[in-house]
Structure formats: C-alpha cells, structure tokens
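Here are the chains, one letter per residue:
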Amino acid sequence: MKLILSMGVVLLLTGCAAANISSQVRASGSEGSNLMTRCVSYTTGDDEDTNNLLEKYDGWKMIYVSEYTTSNKTNTAAIMCFEKPML
C-alpha cells in the first residue's frame, strides 16, 4: 500500500510543472487614431494550420503576443493581437 501511495505522490508531483509564460507588448498607433484591432488565439505544433490562421493578418502591425507552455506540453498556446488603420 505504501508503494502505491508513494508512486501516486511521485506521479502527481512530476505531472505538475511550472508554466513558462511570456508576453510582449508593442506601442499601439498614435493616440486618437482610427485603428482596427484583432486578436487570435491558437496552439503551435502544426505549422501549416498556424500559417493559414495568421496569413489574413499579413500587412497588419503585431502589437501583442503571449505564449503559454509547460515542460509537459508538446505545443504552445498563444495569443497575438494585430492592428491596422481603418479605411
């Protein structure tokens, strides 16, 4: 019984890993300007899916990116925000 309990505790402790969170914020457009802002969330891992998701923001200025991962994950959850002038 002690062996099973010990193994359960070890598995529980190794299953919990510290999260690696990073983010970058860039200056937005000039104050009072007429800008559109759009954000998209996605997970990395499949480059084709990621590229297809982000290609509609070609020509937009990236103003925010945040990534979240742990050593237990094989991919990264991310959010990116873009802006461009409204026409």
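Before reading on, note that the structure itself is shown above.
Cut-offs applied
- Residues numbered from 1 in each chain as written.
- Predicted model: local features only at pLDDT ≥ 70, side-chain atom pairs only at ≥ 80, totals over all residues.
- Heavy atoms only, no water.
- Phe/Tyr/Trp six-rings, centres within 6.5 Å; stacked < 30°, edge-to-face > 60°.
- Helix = DSSP H or I, 4+ residues; strand = E, 2+ residues; numbered from the N terminus.
- Core = buried A, V, L, I, M, F, W, Y, C linked by side-chain atoms within 4.5 Å.
- Buried < 20%, exposed > 50% of the residue type's maximum accessible area, 1.4 Å probe, protein only.
- Disulfide = S-S within 2.5 Å.

Turning our attention to the packing of aromatic side chains. Under the criterion given, the structure shown has two aromatic pairs. An angle of 5° between the planes, with centres 4.6 Å apart, marks the rings of Tyr-57 and Phe-82 as stacked. Highlighted residues: Tyr-57 in the loop between helix H2 (47-54) and strand E3 (61-70) and Phe-82 in strand E4 (residues 77-85), separated in sequence by 25 residues. Put simply, the rings of Tyr-57, Trp-60 and Phe-82 touch in pairs and so form one group of aromatic residues.

Turning next to the nonpolar core. Residues Val-40, Tyr-42, Leu-54, Tyr-57, Trp-60, Val-65, Ala-78, Met-80 and Phe-82 constitute the largest nonpolar core, which totals nine residues. Broken down by element, the residue count for this core peaks at three residues, all from E4.

Okay, the state of the cysteines next. The tally for this structure, following the rule as stated, stands at one disulfide. A sulfur-sulfur separation of 2.0 Å characterises the disulfide bridge that pairs Cys-39 with Cys-81. The sign of the 105° torsion about the S-S bond sets the Cys-39-Cys-81 disulfide as right-handed. In this pair, Cys-39 sits in strand E2 (residues 35-43) while Cys-81 sits in strand E4, placing the two residues 42 residues apart along the sequence. Taking relative accessible area as the criterion, Cys-81 reaches 8% and is therefore assigned buried.

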